[in-house]
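Examining the three-dimensional arrangement
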Amino acid sequence: MDLPPPPAERRAVLEVWCELQCPDCRTALDDLRALRERYGDALDIQLRHFPLDKHAHALAAAQAYEEAYAQGRGWEYAEAVLARAEDLAQAGEPLLVDIARELGLDAEEFDTALIDGRHLLVVDSDQAEGKAIGVTGTPTYVIAGERLDGGRSQDGLRARIESLADGLLGSPR
């Protein structure tokens, strides 16, 4: 877990409600990379889980992400899974373990985590919170109390996120 920032440092939080088998979430990665480049640590980008019923392996992928996060490589793992979303539809959970192995993570621990469901509570909690705030699809962003739906279109969302982040951080960067 990250340490809290020093009190003098301003930070903004961008929650990204995501599903790792979602092609729209894969498309959103370019915007997230650009936001990380622009803001660095001043913008805390947090992946929140919203697995959709239409994707058979989304729930397992969310749990696998949590195991990758526990092993210190959450975002890298998320990007690797999203890059192979179509393969995941065909190969299922074994691909999640293979990706962990490819990234040098403890693949046996991934396999065990998927069997014992140790991360299911986190995923279920995220999904319940998402539903409570009106998330219906992925990606959906929440920043400065504003919900932005990226599942319909990514057009203009990065500019809107930047505007809200600049407001939270006190000035454009």
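First, a word on what this report is: a plain description of the structure on this page. Everything numeric here is computed off the predicted structure, so don't read it as measured data. (Residues numbered from 1 in each chain as written. Predicted model: local features only at pLDDT ≥ 70, side-chain atom pairs only at ≥ 80, totals over all residues. Heavy atoms only, no water.)

1. Side note on the side chain of Asp 166
Along the polypeptide, Asp 166 turns up in helix 8 (residues 157–169). Take Asp 166: its relative accessible area is 14%, and that puts it in the buried class. For Asp 166, the side chain forms a polar contact with the side chain of Tyr 39, separated by 2.7 Å. (Helix = DSSP H or I, 4+ residues; strand = E, 2+ residues; numbered from the N terminus. Buried < 20%, exposed > 50% of the residue type's maximum accessible area, 1.4 Å probe, protein only. Polar contact = N/O pair within 3.5 Å; in protein donor to acceptor, adjacent residues only side chain to side chain.)

2. Some details on the packing of aromatic side chains
Enumeration over the complete set of coordinates arrives at two aromatic pairs. Measuring from centroid to centroid gives 5.2 Å for Tyr 77 and Phe 110, while their planes differ by 40°, and the two rings are tilted. Taken together, the residues Tyr 77 in helix 3 (residues 74–83) and Phe 110 in helix 6 (residues 107–116) connect sequence positions 33 residues apart. Of the two residues examined, Tyr 77 and Phe 110, each falls in the buried class. The ring of Trp 75 has Arg 36 lying over it, and the distance from NZ or CZ to the ring centre is 4.6 Å. (Phe/Tyr/Trp six-rings, centres within 6.5 Å; stacked < 30°, edge-to-face > 60°. Lys NZ or Arg CZ within 6 Å of the ring centre and 35° of its normal.)

3. Side note on helix 5 (residues 93–102)
What sets the pattern is the α-helix's 3.6 residues per turn: residues three or four places apart point alike. Within the span of helix 5, buried status applies to Leu 95, Leu 96, Val 97, Ile 99 and Ala 100. On its buried face, helix 5 is in contact with helix 2 (58–70), helix 3, helix 4 (85–91) and helix 6. Where helix 5 ends, the next residue or the one after it, Gly 104, has phi of about 80°, a positive value. (Contact = heavy atoms within 4.5 Å.)

4. Concerning the packing of helix 2 against helix 7 (residues 120–132)
Orientation of helix 2 relative to helix 7, taken along the N-to-C sense of each, is 115°, at an axis distance of 9 Å. In this structure, the crossing between helix 2 and helix 7 has a hand that is right-handed. Contacts between helix 2 and helix 7 pair Leu 59, Ala 62, Gln 63 and Glu 66 from the former with Leu 120, Val 122 and Val 123 from the latter. Residues of the contact of helix 2 with helix 7, tallied by class, amount to five nonpolar, one polar and one charged. (Axes fitted to C-alpha atoms, helices over the stretch in contact; angles between N-to-C directions. Left-handed = near helix turned anticlockwise from the far one by under 90°. Nonpolar A, V, L, I, M, F, W, Y, C, P; charged D, E, K, R; others polar.)

5. Structural notes on the sheet that holds strand 3 (residues 140–143)
As summarised here, the arrangement of the four strands in space is 2-1-3-4, forming an open sheet in which the pairing is mixed. Single-partner strands in this sheet number two, and they are strand 2 (43–49) and strand 4 (146–149). Pairs of neighbouring strands in the sheet enclose a mean axial angle of 20°, with direction left out of account. Its contacts with the sheet place helix 8 against strand 1 (12–18), strand 2, strand 3 and strand 4, and it is angled at close to 165° to strand 4. (Pairing = 2+ DSSP bridges.)

6. Regarding the environment of Leu 96
Considering the arrangement of structural elements, one finds Leu 96 in helix 5. Given the relative accessible area of 0%, Leu 96 is considered buried. It is 16 Å that separates the C-alpha atoms of Leu 96 and Cys 18, two residues lying 78 residues apart in sequence. Setting aside residues no more than four positions away along its own chain, Leu 96 makes contact with Ala 60, Ala 61, Ala 64, Tyr 77, Val 81, Leu 88, Phe 110 and Leu 114.

7. Structural notes on the pattern of salt bridges
When the charged atoms of two side chains with opposite charge come close together, those side chains can pair. Following the criterion strictly, the structure yields 20 salt bridges and no others. Across the pair Glu 67 and Arg 118 runs a salt bridge whose closest N-O atoms are separated by 3.7 Å. Of this pair, Glu 67 sits in helix 2 while Arg 118 is found in the loop between helix 6 and helix 7, placing the two residues 51 residues apart along the sequence. The exposure class of Glu 67 is buried, given its relative accessible area of 5%. By relative accessible area, Arg 118 is classed as partly exposed at 35%. Arg 73 serves as the salt-bridge partner of Glu 76, at 2.6 Å between the closest nitrogen and oxygen. (Salt bridge = Lys/Arg side-chain N within 4 Å of Asp/Glu carboxyl O.)

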